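# Notes for the structure review
Here are the chains, one letter per residue:
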Amino acid sequence: MASLSKRQLQLMEHAAKQRLPRVKFTADWKKLYQLWQIGETDGTDKYLYLTANDYVLLRNMAQIDSGLDILALDFDVPRQQMSQLSANEKYANISPEADYVLIKLAPSLSQSLKTDLAPGSVADLLSVHNCSLRLKVDSAIALCQQLNLTNLIVVENLDSFDHFFANSFTPDLQAIINNCMVLYRGSHDYSPAGRKRFLHLLQPLNINVIGFTDLDPAGLMIANSLESCCSIIVPQLALASPDKLLALTQTNSTDDFHKQHKQWAYLNNLHLDAHSGEQSKSLSAYQSSSQSIKYSSQWLALVQWLGQHCVSIKQQHMLAKSMSLTLLNIHCSE
């Protein structure tokens with residue numbers, strides 16, 4: 001059955017909880033009135049009047065139709081859970097792809113789990129075979145808590161996610177990598193919706209979120225717009241010897257840079273606004289905080305260099321050229 005829309009259920013919820021004596025006779029209320037003939041119109045089709053008995057009838061009819069109680073609506077559940085209540089599982093706000101993330105653990109963390117589990121267990125697979133796990137978001141959060149995780153690396157590209165631990169890292173960054181969870185940002189077969197929900201739920205745990213992206217306008221924009229992300233992994237040469245980095249053959253693609261004009265406009269606005277002391281409209285669209293964001297001088301210098309030299313260096317080239325990777329803070333430390 002389940003002929004009611006989510007909006008109609010929410011309209012009834014609001015009216016029933018407030019015990020409104022009348023509601024505007026909108027298209028949704030007209031459909032409800034045509035379905036059940038509950039309430040009385042005012043004769044001008046402007047308002048529908050409802051009594052206490054009418055609300056009892058509305059509640060009963062809505063439950064028969066949808067399986068849901070309008071006085072206890074909860075759409076923030078996965079579809080599997082919603083299907084236990086209603087014939088319309090799509091009432092659920094959490095779609096299947098928003099309930100899962102793709103992760104892997106640093107070998108040392110996998111090994112720590114393995115000590116408590118039998119050979120052939122999931123942790124054993126993670127440790128020995130460098131497997132990835134598609135986990136429910138809630139399970140991934142629980143794993144972070146179990147491991148007392150302090151660092152999460154969000155990787156832009158799937159193949160770079162698969163080969164993440166084969167990269168070369170500076171000693172300071174290697175210490176972080178040795179105790180991190182790696183999360184795929186999501187695309188194509190792995191929706192970003194799960195990653196977004198995971199990062200949102202992760203906030204209370206105060207875990208350092210680090211971005212690992214391509215060194216190009218799109219990559220830097222991704223890192224800057226990731227929820228709670230305040231640092232990014234970049235080639236050490238980009239900071240220490242940028243000329244040497246650009247001199248590497250078959251590495252930088254200026255053509256690809258020019259295809260990312262919208263992303264560069266976004267970054268350029270950040271750079272200009274940081275120097276003018278103003279926050280741009282484009283920045284507001286990507287940041288949930290209403291407060292002004294202070295960017296580190298190193299980040300601003302990287303953005304400026306990127307634009308001056310039309311830089312687009314992919315994660316795959318960082319690995320292929322055995323580049324030493326280091327950490328750069330996006331924001332100024334408080």
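Let us look at the structure shown here.

Below, the discussion takes up the sheet that holds strand E3 (residues 47-49). In sheet architecture, strand pairing relies on hydrogen bonds along the backbone and comes in two forms, parallel and antiparallel. Spatially, three strands are ordered E1-E3-E2 in an open sheet, and the strand pairing comes out antiparallel. The sheet is open, and its two edges are formed by strand E1 (22-24) and strand E2 (40-41), each paired on a single side. In the sheet, E2 pairs with E3 via two bridges, with the strands oriented antiparallel. Within E3, the residue paired with Thr41 across the bridge is Leu48.

Relative orientation of the contacting elements helix H11 (residues 217-225) and helix H17 (residues 297-308) amounts to 155 degrees, with a least axis distance of 11 Å. Overall, the two elements H11 and H17 adopt an arrangement that is roughly antiparallel. You can see that H11 and H17 cross each other, and the crossing is left-handed. Across from Pro217, Leu220 and Asn224 in H11, the residues of H17 making contact are Trp299, Leu302, Val303 and Leu306.

Leaving glycine out, the prevailing phi sign among residues is negative, and the prevailing peptide bond configuration is trans. Even without glycine at this site, Cys310 takes up a positive phi of about 50 degrees. Examined against the element boundaries, Cys310 turns out to sit in the loop between H17 and helix H18 (315-320). Assessed through its relative accessible area of 17%, Cys310 is described here as buried. Of note, Ser322 is a non-glycine position whose phi angle comes to about 50 degrees, a positive value.

Looking now at the environment of Leu272. Assignment of secondary structure puts Leu272 in helix H15 (residues 261-276). Expressed as a C-alpha distance, the spacing of Leu272 and Gln304, which sit 32 residues apart in the sequence, is 9.7 Å.

With that out of the way, let us pick up the pattern of salt bridges. In total, this model carries ten salt bridges according to the counting rule given. Salt-bridge contacts for Lys314 lead to Asp256; the nearest nitrogen and oxygen are separated by 2.7 Å. In this pair, Lys314 sits in the loop between H17 and H18 while Asp256 sits in helix H14 (residues 254-258), placing the two residues 58 residues apart along the sequence. A relative accessible area of 18% places Asp256 in the buried class. One salt-bridge network, held together by shared partners, links Asp99, Lys136, Asp138 and Arg197.

Of the residues making up helix H2 (residues 27-36), those classed as buried are Asp28, Trp29, Leu32, Tyr33 and Trp36. All buried residues of H2 project into a common sector of 135 degrees when viewed along the axis, lining one side. Summarising the geometry of H2, the exposed residues directed more than 90 degrees from the buried face are Ala27 and Gln34. Once H2 finishes, Gln37 follows within two positions and takes phi at roughly 55 degrees, a positive value.

Our next topic: the sheet that holds strand E4 (residues 100-105). Here we have eight strands laid out as an open sheet, ordered E5-E4-E8-E6-E9-E10-E11-E7, and mixed in their pairing. In the strand order of this sheet, the two ends are held by strand E5 (133-136) and strand E7 (168-169), each with one partner. In the packing of helix H10 (residues 192-202) onto the sheet, the strands contacted are E4, strand E6 (151-155), strand E8 (180-184) and strand E9 (208-212), and the crossing angle to E8 comes to about 145 degrees. Taken strand by strand, H17 contacts strand E10 (229-235) and strand E11 (324-329), and its axis lies near 120 degrees from that of E11.

With respect to the element layout, Leu306 can be found in helix H17. Classification of Leu306 as buried rests on a relative accessible area of 0%. Along the chain, Leu306 and Leu220 lie 86 residues apart, while their C-alpha atoms are 9.8 Å from each other. Discounting chain neighbours no more than four positions away, the residues touching Leu306 are Leu215, Asp216, Pro217, Leu220, Phe257, Leu267 and Val311.

With that out of the way, let us pick up the packing of aromatic side chains. Tallied over the entire structure, the rule returns eight aromatic pairs. Residues Phe161 and Tyr184 carry aromatic rings whose centres are separated by 6.0 Å and whose planes lie at 45 degrees to one another, so their mutual orientation is tilted. One end of the pair, Phe161, is in helix H8 (residues 158-162); the other, Tyr184, is in strand E8, and 23 residues separate them in sequence. No difference in accessibility class separates Phe161 from Tyr184, as the two residues are buried. Judged by centre distance (5.3 Å) and plane angle (80 degrees), the ring pair of Phe164 and Phe165 falls under edge-to-face.

Our focus in this paragraph is the packing of helix H7 (residues 137-146) against H10. Relative orientation of the contacting elements H7 and H10 amounts to 40 degrees, with a least axis distance of 10 Å. Put simply, H7 runs oblique to H10. The hand of the H7/H10 crossing is right-handed. Of the residues in H10, those touching H7 at Val137, Asp138, Ala140, Ile141 and Cys144 are Gly194, Arg197, Phe198, Leu201 and Leu202.

Quick notes on the rules
Residues numbered from 1 in each chain as written. Predicted model: local features only at pLDDT ≥ 70, side-chain atom pairs only at ≥ 80, totals over all residues. Heavy atoms only, no water. Pairing = 2+ DSSP bridges. Helix = DSSP H or I, 4+ residues; strand = E, 2+ residues; numbered from the N terminus. Axes fitted to C-alpha atoms, helices over the stretch in contact; angles between N-to-C directions. Parallel < 35°, antiparallel > 145°, perpendicular 65-115°, else oblique. Left-handed = near helix turned anticlockwise from the far one by under 90°. Contact = heavy atoms within 4.5 Å. Buried < 20%, exposed > 50% of the residue type's maximum accessible area, 1.4 Å probe, protein only. Salt bridge = Lys/Arg side-chain N within 4 Å of Asp/Glu carboxyl O. Arc of directions from axis to C-beta. Phe/Tyr/Trp six-rings, centres within 6.5 Å; stacked < 30°, edge-to-face > 60°.

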